[in-house]
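The lines below spell out each chain.
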Amino acid sequence: GGQDEEHLDEDRFYYVFGFLAVVFLILIVTCVEIAIVLCYLQLCAEDYRWWWRSFCTAGTTAVYLFLYGSFHYFSRSHPATVFDLMATCIFFGYLFILCYAMFVLCGFVGFASCFAFVRKIYSSIKID
């Protein structure tokens, strides 16, 4: 029985990467949709400074990730009786690096999608 159980655990390992890929695709699609909608609303208000705003709009996902990571550290993974400064610094250092990478990745996705959207809508305008 022990060898069969090890074989079943190996199959579960591969499901994790498929699940992460699906969640990553959902994140990318959500960043694209939100950035384009907010860019469209901004252009409708005749505010044409959409470049950095589209980057920051999608990149704000990283702020949520940092807040959730902080909540997790102080409420679930770190005991309230003992406070270890070194472990806290390491955790938040790596969390900051991860959130910065997430900000740049999602921000680039938002900017690229808005750039393609703006090029598409302005290329369809006919000037007589």
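Look above for the structure.
Here goes a summary of the coordinates provided. All values reported here derive from a predicted model rather than from experimental measurement.

### As for the overall build of the protein
Looking only at helices and strands, one finds 4 helices and 0 strands in the protein. Scanning the protein from its N terminus toward the C terminus, one meets helices and strands in the order α-α-α-α. Burial status across the protein gives 23% buried among its 128 residues. Within the protein, contacts between residues separated by at least 24 positions form 74% of all contacts whose residues are at least 6 apart in sequence. Summed over all atoms, the accessible surface of the protein reaches about 10000 Å², with 71% contributed by carbon and sulfur.

### Looking at helix H2 (residues 51-59)
Of all the residues in H2, the buried ones are Ser54, Phe55, Ala58 and Gly59. Burial along H2 is one-sided: seen end-on, the buried residues are contained in an arc of 125 degrees.

### Brief notes about the nonpolar core
In terms of nonpolar packing, the biggest core is built from 11 residues, these being Ile28, Cys31, Ala58, Ala62, Tyr73, Phe92, Leu95, Cys99, Met102, Cys106 and Val109. The leading source of residues in this core is helix H4 (residues 85-123), at 6 residues. Each residue touching Val109, except ones within four places of it in the same chain, is listed here: Ile28, Cys31 and Val32. Ala35, Cys39, Leu43 and Val118 belong to the second-largest nonpolar core, a separate cluster that totals 7 residues.

### Side note on the packing of helix H3 (residues 61-77) against H4
Relative orientation of the contacting elements H3 and H4 amounts to 160 degrees, with a least axis distance of 8 Å. By the angle class used here, H3 and H4 are roughly antiparallel. The hand of the H3/H4 crossing is right-handed. Here H3 contributes Thr61, Ala62, Leu65, Phe66, Gly69, Ser70, Tyr73 and Phe74 to the contact with H4, which in turn contributes Ala87, Thr88, Phe91, Phe92, Leu95, Leu98, Cys99, Met102, Phe103 and Cys106. Tallied by class, residues from the contact of H3 with H4 come to 14 nonpolar, 4 polar and no charged.

### Let's talk about the pattern of salt bridges
On inspection of all chains with the given rule, the structure shows 2 salt bridges. One salt bridge in this structure joins Asp47 and Arg49, with 3.2 Å as the shortest N-O distance. Assessed through its relative accessible area of 17%, Asp47 is described here as buried. In this structure, Arg53 and Asp47 form a salt bridge, with 3.2 Å as the shortest nitrogen-oxygen distance. Classification of Arg53 as partly exposed rests on a relative accessible area of 42%. Salt bridges sharing partners connect three or more residues here, namely Asp47, Arg49 and Arg53.

### Considering a nonpolar patch on the surface
On the surface, a nonpolar cluster with roughly 810 Å² of combined accessible area is contributed by Met86, Ile90, Tyr94, Phe96, Ile97, Tyr100 and Val104. Taking the relative accessible area as the measure of exposure, Ile90 reaches 45% and is therefore partly exposed.

### Quick notes on the packing of aromatic side chains
One pair of aromatic rings is described through two measures. These are the centre distance and the angle between the planes. Enumeration over the complete set of coordinates arrives at 17 aromatic pairs. Relative to Phe111, the ring of Trp50 has its centre 5.9 Å away and its plane inclined at 20 degrees; by these criteria the two rings are stacked. Remark: Phe111 occurs in helix H4 and Trp50 occurs in the loop between helix H1 (2-44) and H2; sequence separation between them is 61 residues. According to the relative accessible area criterion, Trp50 is buried, its value standing at 6%.

The rules behind these values
- Numbering of residues starts from 1 in each chain and follows the order in which that chain's sequence is written.
- Where totals are concerned, whole chains, interfaces and linings use all residues; where local detail is concerned, this predicted model gives features only for residues with pLDDT of at least 70, and gives and counts side-chain atom pairs only at 80 or more.
- Computation of side-chain values covers all heavy atoms of the structure but excludes hydrogens and water.
- Each helix is a run of DSSP H or I of at least 4 residues and each strand a run of E of at least 2, with the numbering of both proceeding from the N terminus.
- Only protein chains enter the area calculation, which uses a 1.4 Å probe; residues under 20% of their type maximum are buried, those over 50% are exposed, and those in between are partly exposed.
- Here a residue-residue contact requires only that any non-hydrogen atoms of the pair lie within 4.5 Å.
- With residues, only the protein chains shown are counted as cover, and all accessible areas are computed by Shrake-Rupley using a 1.4 Å probe.
- Taken from the helix axis, the directions to the C-beta atoms give the arc we talk about.
- By convention a nonpolar core is built from buried Ala, Val, Leu, Ile, Met, Phe, Trp, Tyr and Cys residues, the set being connected through side-chain atoms within 4.5 Å.
- Axes, fitted as lines to C-alpha atoms, cover a helix only where it is in contact. Angles between the N-to-C directions of the axes lie from 0 to 180 degrees.
- Note that the term roughly parallel is reserved for angles under 35 degrees, roughly antiparallel for angles over 145, roughly perpendicular for angles of 65 to 115, and oblique for everything else.
- Definitions for this section: a left-handed crossing has its near helix turned counterclockwise from the far helix by less than a right angle. A right-handed crossing has that turn clockwise.
- Ten residues, namely Ala, Val, Leu, Ile, Met, Phe, Trp, Tyr, Cys and Pro, are considered nonpolar, four, namely Asp, Glu, Lys and Arg, are considered charged, and the remaining ones, Gly among them, are considered polar.
- Salt-bridge detection follows one rule: a side-chain nitrogen of Lys or Arg within 4 Å of a carboxyl oxygen of Asp or Glu.
- Without a salt bridge and with relative accessible area above 30%, a residue can belong to a patch; like charges are then joined within 9 Å and nonpolar side chains (Val, Leu, Ile, Met, Phe, Trp, Tyr) within 5 Å.
- Two aromatic rings, drawn from Phe, Tyr or Trp (for Trp, its six-membered ring), form a pair once their centres lie within 6.5 Å of each other, and the interplanar angle then sorts them: stacked below 30 degrees, edge-to-face above 60, tilted otherwise.

Structural measurements only, silent on function.
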